[in-house]
Amino acid sequence: MKKSIYLSLLLIPMASTHASVITSDTTSIISSGQSYNSSVTLSDTSYSNVVLDLEAKGDYGSFASENISFYIDGTLLADWTYSTSGITVTKNYSNYDYTLLGSVSISEALWSSFTLDNILDISWENDAKVDAYAYKGGADYVTYSVQGDPISVPTPASLALLGLGLFGFGMARRKKSS
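Residues numbered from 1 in each chain as written. Predicted model: local features only at pLDDT ≥ 70, side-chain atom pairs only at ≥ 80, totals over all residues. Heavy atoms only, no water.

Q: Even after reading the chapter, I still don't get the environment of Asn-118, so can you show me in this structure?
A: Looking at the secondary structure, you find Asn-118 in the loop between helix H2 (108-114) and strand S8 (119-126). A relative accessible area of 34% places Asn-118 in the partly exposed class. For Asn-118 and Leu-42, which are 76 residues apart along the polypeptide, the C-alpha to C-alpha distance reads 5.1 Å. Those residues in contact with Asn-118 that sit more than four places away from it in its chain are Val-40, Thr-41, Leu-42 and Thr-45. (Helix = DSSP H or I, 4+ residues; strand = E, 2+ residues; numbered from the N terminus. Buried < 20%, exposed > 50% of the residue type's maximum accessible area, 1.4 Å probe, protein only. Contact = heavy atoms within 4.5 Å.)

The following block contains the structure:
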């Protein structure tokens, strides 16, 4: 009976982690060659498996220079056109309107360099040839989300409970050997 109590103390489930949105935004494209800049102050920088999800809908047509470039802290993470491999491209209106959709994994080393000052400087820019054609294929926009798995740090209560369980095992073993 005592062994099962000690064992149950050690097997109390720890909190699980799930991907959390670190920052996100959606901006309408309303002008040719539009760009975006934002600084985000981070309350927590302890994340692993950080991913940028990016979706751009607009005039990313058949010209090679009709692209979107996405940056964090001045580092280019995505430079996409309708012909970029590894992303999903949907043609909404021939040669005028495409939806570009994809994800970029951010290494832990790169994430650490981005979060040294607890501020993310996020920017994107459309090439000057990317025009706003809302009447051909619907409203144009850029939406992004930076997500990651929170790195959990054990709370003092969890550590105390673990210590109590280990102490109980030690006492049971000591009592059994005497």
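We are not done yet, so read on.
Q: Before we go on, may I ask you to explain the sheet that holds strand S2 (residues 35-41) in this structure?
A: Sheets are built from strands that pair by backbone hydrogen bonding, the pairs being arranged parallel or antiparallel. If you trace the 4 strands from one edge of the open sheet to the other, you get S2-S8-S4-S5, paired in antiparallel fashion. Edge strands, defined here as strands with exactly one partner in the open sheet, are S2 and strand S5 (75-80). Ignoring strand direction, the axes of neighbouring strands in this sheet form an average angle of 15°. Here strand S4 (residues 68-72) runs beside S5; their pairing, made up of 5 bridges, is antiparallel. For Phe-70, the partnering residue across the bridge sits in S5 and is Ala-78. (Pairing = 2+ DSSP bridges. Axes fitted to C-alpha atoms, helices over the stretch in contact; angles between N-to-C directions.)

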